[in-house]
Amino acid sequence: MAKNFATEGMNILEPKIDRRDGTNGTTGSHFPLYEWLLGALIKMFGDFDFVSRIFSLVIFSFGMMAFYKVLIQLHFSEFHSTIGALLLLSIPEFYYHSINAMPDILAITLSFWSLYFWKKYFEFNQNNAFFIAVLLGVLGALIKFQFVIIPLASSALALLQRKKWINVAIAWVFIFSVVVLWYLYALQLTKLNNLKEYGLWIKPIPIQEKLNTVWLNLSMDLPEVLLGWPLFIMFLITTFKVKVHKTPLFYMSLIWAVSFAFFYIVAIERMKNHSYYLMAILPLVIVIILKFAQQKQIKNSYLLALLMLNFSWAFLRIIPSKWTESKAQIPMEFSNKELRAQFADVIPKGQQVLVGPDISGCIYFYFTKTNGFSFSKPTELLEVHNNEVKLDAIKKANVHYILFNHRDIMQPYIAKLGLKKKLKQLGSFEIWEF
């Protein structure tokens, strides 16, 4: 069973934001319904790059709408709620990924709506709101587990409405059971089919690496891409001056923060090169800042200035480093749409392909519109898994073609891989038949 990672990196330039130290992160999950809808739209409108970006932007816009409605529920004014929703887009991490086919964007959108319906359930005792909240919470967590933290924060309200805590407890047992069973099944499929593992489990790392990760997240990721310097500075001011009252918002914020802290500690191995794993906590920062503005009766003009400053930082941080052709960090062949189209002409439609060396596991699939298996280095293909050479297992999955570049890296392995016939050379890429 071959896996298609194409939609995991459906950002035309690259699926990551790099730090200034040169490290970066990649995406690692996908959602069949998402792929089906995007595929249908591409068939209808044709322009692959444009449609995928607009599709992602629409999803993120629904997420902003949900966040706005949640802020209204939390008794912020319409102006504050509007600023809050726009501040979400001004965060460089969201600004960048809002037009990328990033599974995290769909997950956080579903999670915001789940939180909204949970709040409706607690306020109006609507059974339909309860079931919608559970459904959306499950879907969001199945895409990316950490986003279950956002609707989970609403559980604080069960502490204040004791009559509903049994329903809430049963709902969350159900949600976590479904998600855990799915992840266990995914791990089983991954192992059975010799697929790459993309963040389905957490690898242990030394204490020094953990400390380095925390330092990088706090000193570099947080001010640069996770909040933006203007929002980061405002958050520091807010943290020391906001007044804490034991209200429903306080308890929700507490559960939100504590749940994420637990996730961060457990999943710290993922945080080093994957700053987007911290997305789930960022909306809470906006909530705290808005609460501070509400308490101190900060002028609306100051909040507008904060919004404009943070957008300005997002523009400066993202556009020159990510959205210019020279910074794309992809093979030059993928920048040429006409050349990209030729990959599909060489490989018969519906055939599985082995692609690489691609450390992302998805970029080459995306640009060549192929399905199959990927490798980051050729030595992987000769490793033994389940008493079988990985390449042999891949061939058994009806993979008859290999597409690769970096001839200098691949040269020593061409004979070992048993390649029969070179079908075509497209720039630095070669397409061979097994």
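Explain the overall build of the chain to me, please; I cannot follow it from the model alone.
Regarding its fold elements, the chain presents 19 helices and seven strands. Residue burial in the chain is summarised as follows: out of 434 residues, 55% are buried. A separation of at least 24 residues holds for 74% of the contacts in the chain among residues at least 6 apart in sequence. About 20000 Å² of surface is accessible on the chain, with carbon and sulfur atoms providing 66% of the total.

Quick question: what am I supposed to make of the sheet that holds strand S5 (residues 399-404) here?
Working definition: the strands of a sheet are paired by backbone hydrogen bonds and lie parallel or antiparallel to each other. Reading across the sheet, the five strands line up as S2-S1-S5-S7-S6 and stay open at both edges, with mixed pairing between neighbours. Looking along the sheet, the strands with just one partner apiece sit at the ends: strand S2 (371-374) and strand S6 (421-426). In this sheet, adjacent strand axes meet at a mean angle of 25° when their direction is disregarded. Direction of pairing for S6 relative to strand S7 (residues 429-433): antiparallel, over a ladder of five bridges. Counterpart to Leu426 in the pairing with S7 is Phe429. Strand contacts of helix H16 (residues 337-346): S5, S6 and S7, with the helix running at about 165° to S6, the strand carrying the most contacts.

Would you take a moment to explain the side chain of Ser259 for this structure?
Within the secondary structure, Ser259 is located in helix H12 (residues 248-266). Contacts of Ser259, omitting those with residues within four sequence positions, involve Ile149 and Leu152.

For this particular structure, what's the right way to read a nonpolar patch on the surface?
A cluster of nonpolar side chains, Phe50, Ile54, Leu57, Val58, Phe62 and Met65, forms an exposed patch at the surface whose accessible area comes to about 520 Å². Looking at the element boundaries, Phe62 is found in helix H2 (residues 48-73).

Please clarify how the packing of aromatic side chains should be interpreted in this entry.
The description of two aromatic rings rests on the distance between their centres and on the angle between their planes. Enumeration according to the criterion identifies 30 aromatic pairs in this entry. Relative to Phe429, the ring of Tyr364 lies with its centre 5.4 Å away and its plane at 70°, an arrangement referred to as edge-to-face. Of the two residues, Tyr364 is situated in helix H17 (residues 363-368) and Phe429 in strand S7; the sequence distance between them amounts to 65 residues. For the pair shown, Tyr364 and Phe429 are each scored as buried. In this structure an aromatic cluster arises from ring pairing among Trp118, Tyr121, Phe122, Phe130, Phe131, Phe145, Trp172, Phe176 and Tyr183. The ring of Tyr121 has Lys164 lying over it, and the distance from NZ or CZ to the ring centre is 4.9 Å.

Just to check I follow, could you spell out the nonpolar core for this structure?
Soluble globular proteins tend to pack their nonpolar side chains together in the buried interior. Counting 92 residues, the largest nonpolar core has Leu88, Phe94, Trp118, Leu227 and Phe260 as its most contacted members. Ranked by residues supplied to this core, first place goes to helix H5 (residues 103-124) with 13 residues. The next biggest cluster of nonpolar side chains, apart from the first, holds 19 residues, and it includes Ile330, Cys362, Phe365 and Leu403.

Looking at this structure, how should I read the pairing of S7?
When a strand is regular, its side chains alternate between the sheet's two faces. Burial runs high along S7: four of the five residues are buried. Where S5 lies against S7, four bridges are found, and the strand directions are antiparallel. Residue pairing in the sheet places Tyr401 in a bridge with Glu433 of S7. Between S6 and S7, which follow one another and run antiparallel, lie two residues, and Gly427 among them has a positive phi close to 65°.

I'm lost on the pattern of salt bridges in this one. Help?
Any two side chains of opposite charge can pair if their charged atoms end up close together. This model, assessed by the stated rule, comprises eight salt bridges. The salt bridge partner of Asp104 is Lys144, with a shortest N-O separation of 2.8 Å. On the criterion of sequence distance, the pair formed by Asp104 in helix H5 and Lys144 in the loop between helix H6 (127-143) and helix H7 (149-152) is long-range, its members being 40 residues apart. Note on Asp104: relative accessible area 0%, which makes it buried. What you see here is one network of salt bridges that share partners, running through Arg407, Lys422 and Glu430.

Reading guide: rules and limits
Residues numbered from 1 in each chain as written. Predicted model: local features only at pLDDT ≥ 70, side-chain atom pairs only at ≥ 80, totals over all residues. Heavy atoms only, no water. Helix = DSSP H or I, 4+ residues; strand = E, 2+ residues; numbered from the N terminus. Buried < 20%, exposed > 50% of the residue type's maximum accessible area, 1.4 Å probe, protein only. Contact = heavy atoms within 4.5 Å. Areas by Shrake-Rupley, 256 points an atom, 1.4 Å probe, with all protein chains shown as cover. Pairing = 2+ DSSP bridges. Axes fitted to C-alpha atoms, helices over the stretch in contact; angles between N-to-C directions. Patch = residues over 30% accessible without salt bridge, like charges linked within 9 Å, V, L, I, M, F, W, Y side chains within 5 Å. Salt bridge = Lys/Arg side-chain N within 4 Å of Asp/Glu carboxyl O. Phe/Tyr/Trp six-rings, centres within 6.5 Å; stacked < 30°, edge-to-face > 60°. Lys NZ or Arg CZ within 6 Å of the ring centre and 35° of its normal. Core = buried A, V, L, I, M, F, W, Y, C linked by side-chain atoms within 4.5 Å.

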